[in-house]
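The primary structure of each chain is shown beneath.
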Amino acid sequence: MGTNNIKVPAVFLDRDGTVIFDKNYLSLPEQVKLYSYAADSINRLRAAGFKVIIVTNQSGVTRQIFTEQDLRKIHKRFEFLLKKAGAKIDAIYYCPHTDKNFCNCRKPKPGMVLQGAKDFNINLEKSYTVGDSIRDYLLGYNAGGKGILTLTGRGKKQQTEIAQEKIKPMAICKTLKEAVSLIIKDAEES
Ligand SMILES: [Mg+2]
Ligand SMILES: [Zn+2]
């Protein structure tokens, strides 16, 4: 087997409320604001051998709050700010649909993660998701890996709802920073 057959682990990060501040239906590049620990957290994951991929539900497209072109500008700004802070992500995938579209990509459906796994030769069993919504951690399990909830963004409000979910997160972390430390430790131990 060639080295190109070796699968790598990944961390799939939610965007809003996890890496950047949550604005309800963020629609302008100027609204993108990184959490102070975002760049460092991404760098630590990459240094530990993870691909870092953003997976984000952007139903604002279908709701006609913003266009896919707006979204491209927003993501350009997002990647520019990360670059300025010394960090780089491997890819961004977004779902433009609402629940009514019954697509395969809207989190917690695993479509975006499966696409990323194909594009980057990812070992999903050794991969993680991190986000501030129940959808984000369920995604991790739906894709065959693990999921962590953060208490940033909408995370705190989700805590009571988690009680009703059959599947619980691997952990509930204060921020992405804490989640990254836990992932690196968990990956070393397993
Ligand atoms: Mg979010
Ligand atoms: Zn979709």
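Heads up: these notes are all about the structure in this document. This structure is a prediction, so every number in the text was calculated from the model and none was measured.

If you walk through the whole model with that rule in mind, you get three aromatic pairs. Look at Tyr-35 and Tyr-37: their rings are 5.4 Å apart centre to centre, the planes differ by 5°, and that puts the pair in the stacked class. Judged by relative accessible area, Tyr-37 falls into the buried class, the value being 14%. Plain terms: the ring middles of Phe-50 and Tyr-128 are 6.0 Å apart, the flat faces sit at 75° to each other, and that makes the pair edge-to-face. One end of the pair, Phe-50, is in the loop between helix H1 (38-47) and strand S2 (51-57); the other, Tyr-128, is in strand S4 (residues 128-131), with 78 residues separating them in the sequence. Residue Tyr-128 is classed as buried on the basis of its relative accessible area of 3%. Through successive ring pairs, a cluster of aromatic residues spans Phe-21, Tyr-35 and Tyr-37.

Bound to the magnesium ion (ligand 1) are the protein donor atoms Asp-14 (OD), Asp-16 (O) and Asp-132 (OD), situated 2.1 to 2.2 Å from the metal. In primary sequence terms, the donor set of the magnesium ion (ligand 1) follows D-x1-D-x115-D. You can see Asp-14 sitting in the loop between strand S1 (10-13) and H1 and its partner Asp-132 sitting in the loop between S4 and helix H4 (134-142), a full 118 residues away along the chain. Asp-132 matches Asp-14 in its accessibility class, with the two residues each being buried.

What counts and how
Residues numbered from 1 in each chain as written. Chains lettered and ligands numbered in written order. Predicted model: local features only at pLDDT ≥ 70, side-chain atom pairs only at ≥ 80, totals over all residues. Heavy atoms only, no water. Phe/Tyr/Trp six-rings, centres within 6.5 Å; stacked < 30°, edge-to-face > 60°. Buried < 20%, exposed > 50% of the residue type's maximum accessible area, 1.4 Å probe, protein only. Helix = DSSP H or I, 4+ residues; strand = E, 2+ residues; numbered from the N terminus. Donors = N, O, S within 2.8 Å, 3.2 Å for Na, K, Ca; no water.

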